[in-house]
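# Secondary and tertiary structure notes
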Amino acid sequence: MSVSELNHQVRHLLESSFMQVWVEGELSSLSRPSSGHWYFSLKDKKCQVRCAMFRGANQRIRSIPKEGDQVRIRGKVTLYENRGDFQIIVEHIEPAGLGALQQAFEALKRKLHGEGLFDPARKKPIPSMPRHIGVVTSPTGAAIHDILTVLARRCPAIPVTLYPTAVQGQAATQDIVRAIGNAQSHGVADVLIIGRGGGSLEDLWCFNEEAVARAIAACTLPTVSAVGHEVDVTIADFVADLRAPTPSAAAEKISPDLGHWLRQLAEQELRLGNAARAALKRFSVQLEHLRTRLRDPRRDLQEKAQRMDELEIRLGKAMTQRLERLEVRSSHLAQRLNMQSPRKLLAANSEKVTTIERGLSTAIQAILANRRNAMEHLAQTLNVVSPLATLGRGYAIVRAPDGSIVREASGLSPGDRISARVAHGDIDAEVISVNDDGKMPERH
C-alpha cells in the first residue's frame, strides 16, 4: 500500500479506537499563529504527544495556558496524514487537579450563598395555574420544542411567549440578561422558564455567570431554572425560585394536567349534584314543617289594632287626670304667692326710708361745715409760715450765680452777679462790696 493509504488507515483505526480521551501532562512548545489555532505538546517524564486546538474551541477558554503549566485536556486521538504525526485534537483544556471552570463555579457559589441569594425565604411561589408562560432560551434549540410539546399535551390553553437568546458562547451571558429584562418589561408572563438542553460544562457555562445569577435573583417574575440534563447543576439552579432537571420537566412542573383537571371536574360535578339534591330534600321537609306552624298574619294585625285602641284610651284618661292635678296645684301656689306679696312690705318701709334720708342729709351737711372750718384754720397757719408772707414784709431771697441761696455775705465777692426774689418779681444785681460783720454798709 502507499504511504497515503497507510496513514489513512492508521488515522481511521486511531479515531475509531479512541472516541474521546482525557490526558494530563505538562504543556510545552505552545505556538499561536495568526490563524487563531493553538499548537503545543503535552509531556510527562518519559513521553510527549502533539496537540492541536482550533480557534472555535480555544475561544471558550478564559485564561490562556503558558509554558510549563500542568494541564488536563479533553479531545480526540487522530493522525495528521500529511506528515504522519500522531496528535490529539483538543476540545477543552483546564488546569490539572480541580478544573478552572469548576474552581470558578465553586467560588461564585460560595459568594452568592454568602449574600443570601440561595436562601429559600426569598424565593417566590410558582403559580399553580399560570395565565401566561415566558421562556428564555434559544429559538432553534431542543429546549423550546420540548417545552411546547409538554404544554400542548398537558394544557394547550396557556399562551407562551419566547424571549430568544443565545445559550452558548461568549455573547450568551448578556443575551440571557437582556432576555430576562425583556420578559419583565413586557409584563404578560406570570412565570418564567430559563434554560437550554444538555451539553458540556463549557456549553452550559453562561448559566454559571454572576451576571445571569443576579438577573435571575432580581427578576420580579417567579423563575424556573431548566438547564441541561438531570445530572447537570448550574448556579442558575440555586438562584431560581424552582429548579427543574430538564426543560420538559419544567413544563411539567408549572402546568396543570388538563386530563386530571377534567377528571376532578367530573367528580366535583357529581358531588355537587348529590349535594344539591340532598339540600333540596332537606329544605322541602323544613318548608312543610314551617307551613304547618305558620299562622294567618291578619289575625295578628287585628289583635295588634285592638291593643293599640286600648292603649290610646288609657293614654287619654291618664293625660286628663294629670292636667286636673296640675290645675289644683297651680291654684294653691297662686294663693300662697298672693299672701307673700312684697307690696305690703314696700309700703311699710317707705316712710322709714324717707326719715333715714333726712337724717343722712343733715349729718352730711354738719360734717362738711366742720371740715371747711378746719381747712380755713390750716390755711391761715400755713400762710403765717409761708416764705411768700416773709417776702411781703420786705425781705428777699438772694441766689448766687450758680443758683444756690446765699445765706452768708462771706460767700460773695465784689463783682459777683446775683438775683433777688422779692414779693412781686425778681431783681438782677452786681455785688459792689461785702460786709460780713453784721453792720449795715454806708450808702454811697
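Before reading on, note that the structure itself is shown above.
Here is a short report on the structure shown in this document. (Residues numbered from 1 in each chain as written. Predicted model: local features only at pLDDT ≥ 70, side-chain atom pairs only at ≥ 80, totals over all residues. Heavy atoms only, no water.)

### Thoughts on the overall build of the chain
Stated formally: Numbering goes from the N terminus for both helices and strands, where a helix is a DSSP run of H or I of at least four residues and a strand is a run of E of at least two. The reference for a compact globule is 2.2 Å times residues^0.38; the radius of gyration itself is calculated from the C-alpha atoms. Using a 1.4 Å probe on the protein chains alone, a residue whose accessible area is under 20% of its type maximum counts as buried, one over 50% counts as exposed, and one in between counts as partly exposed. Residues count as neighbours in contact if any of their non-hydrogen atoms are within 4.5 Å of one another. Residue-level accessible areas treat just the shown protein chains as cover; the underlying method is Shrake-Rupley with a 1.4 Å probe.
Assigned secondary structure in the chain consists of 12 helices and 13 strands. Computed over its C-alpha atoms, the radius of gyration of the chain comes to 64 Å, more than 25% above the 22 Å expected for a compact globule of 444 residues. Once the C-alpha set of the chain is aligned to its principal axes, its extents read approximately 185 × 120 × 35 Å. Out of the 444 residues in the chain, the part that is buried amounts to 27%. Counting contacts in the chain only where the partners sit at least 6 residues apart, residues at least 24 apart contribute 60% of the total. For the chain, the exposed area adds up to about 30,700 Å²; of that, 56% sits on carbon and sulfur atoms.

### Considerations on the pattern of salt bridges
This is how it is decided: Whenever Lys or Arg places a side-chain nitrogen within 4 Å of a carboxyl oxygen from Asp or Glu, that contact is recorded as a salt bridge.
All chains considered together, the criterion is met by 17 salt bridges. In this structure, Glu94 engages Arg72 in a salt bridge whose closest nitrogen and oxygen atoms are separated by 3.1 Å. Highlighted residues: Glu94 in strand β5 (residues 85–95) and Arg72 in strand β4 (residues 70–80), separated in sequence by 22 residues. A cluster of three or more residues bridged by salt bridges with shared partners is formed by Lys111, Glu115, Glu210 and Arg214.

### A short note on the packing of helix α5 (residues 172–186) against helix α6 (residues 210–218)
Packed helix pairs are specified by the crossing angle of their axes together with the interaxial distance, meaning the distance between the axes. Rules: Where helices are involved, their axes are fitted lines through C-alpha atoms of the stretch in contact, as for all axes, and angles between N-to-C directions lie from 0 to 180°. Roughly parallel means an angle under 35 degrees; roughly antiparallel, over 145; roughly perpendicular, 65 to 115; everything else is oblique. We call Asp, Glu, Lys and Arg charged. Ala, Val, Leu, Ile, Met, Phe, Trp, Tyr, Cys and Pro are nonpolar, and the rest, Gly among them, are polar.
Following both chains from N to C, one finds α5 and α6 inclined at 10°, their axes separated by 9 Å at the closest point. By the angle class used here, α5 and α6 are roughly parallel. Residues Thr173, Ile176, Val177, Ile180 and Gln184 of α5 lie in contact with α6, whose contacting residues are Ala211, Val212, Ala215, Ile216 and Ala218. Considering only residue class, the contact of α5 with α6 consists of 8 nonpolar, 2 polar and no charged.

### Digging into the sheet that holds strand β10 (residues 242–243)
For clarity, the cut-off: If DSSP finds at least two bridges between two strands, the strands pair.
Taken in spatial order, the 5 strands make up an open sheet running β7-β6-β8-β9-β10, and their pairing is parallel. Two strands close off the open sheet at either side, each with one partner strand: β7 (160–164) and β10. Bridge count for strand β6 (residues 133–137) against strand β8 (residues 191–196) is 4 bridges, and the pairing is parallel. Bridge pairing in β8 places Ile133 opposite Val191. Against the sheet, helix α4 (residues 142–154) makes contact with β6, β7 and β8, and its axis sits at roughly 160° relative to β6, the strand it touches most. Of the strands in this sheet, β6, β8, β9 (223–227) and β10 are in contact with helix α8 (residues 247–254), which crosses β8 at around 165°.

### Thoughts on the nonpolar core
In globular proteins that are soluble, nonpolar side chains generally tend to be buried together. What counts, and what does not: Residues belong to a common nonpolar core when they are buried Ala, Val, Leu, Ile, Met, Phe, Trp, Tyr or Cys residues joined through side-chain atoms within 4.5 Å.
In this structure, Ile180 and Leu192 are the most contacted members of the largest nonpolar core, which totals 32 residues. Where this core is concerned, the elements lending two or more residues are α3 (100–114), α5, β8, α6 and α7 (235–239). Apart from the residues within four sequence positions on either side, Ile180 is in contact with Val136, Leu192, Ile194, Ala215, Ile216 and Cys219.

### Topic: the pairing of strand β2 (residues 38–43)
One ladder, built from 4 bridges, connects strand β1 (residues 21–31) with β2; its direction is antiparallel. If you follow Glu26 over to β2, its bridge partner there is Lys43. Once β1 ends, the chain turns through 6 residues before running back antiparallel as β2, passing Gly36 with a positive phi of about 95°. Direction of pairing for β2 relative to strand β3 (residues 48–53): antiparallel, over a ladder of 6 bridges. When the bridges of β3 are listed, Leu42 appears paired with Val49. Taken together, β2 and the strand that follows it, β3, pair antiparallel across an intervening segment of 4 residues.

### Focus on the sheet that holds strand β13 (residues 425–430)
Ordered in space as β11-β12-β13, the 3 strands form an open sheet in which the pairing is antiparallel. Two strands in the sheet have a free side with no partner beyond their single neighbour: β11 (397–399) and β13. Adjacent strand axes in the sheet meet at a mean angle of 25°, parallel and antiparallel pairs treated alike. Of the strand pairs in this sheet, β11 and strand β12 (residues 417–422) are connected by 3 bridges, and their pairing is antiparallel. Across the sheet, Val398 pairs through a bridge with Ala420, a residue of β12.

### Quick look at the environment of Ala218
Residue placement: Ala218 occurs in helix α6. Considering only alpha carbons, one finds Ala218 and Leu117, 101 residues apart in sequence, at a separation of 9.6 Å.

### Some details on α4
So the rule is basically this: What a helix is expected to span follows from its residue count: subtract one and scale by 1.5 Å. Relevant arc is that of directions from the helix axis to the C-beta atoms, nothing else.
With 13 residues, α4 ought to run about 18 Å at 1.5 Å a step, and its terminal C-alpha atoms sit 18 Å apart, in line with that. Those residues of α4 that sit buried are Ala143, Ile144, Ile147, Val150, Leu151 and Arg154. All buried residues of α4 fall inside an arc of 135° around its axis, so they share one side. Opposite the buried face of α4, at more than 90 degrees from it, the exposed residues are Ala142, His145 and Arg153. Those residues of α4 hidden inside the fold are in contact with β6, β7, β8, α8 and α9 (258–293).

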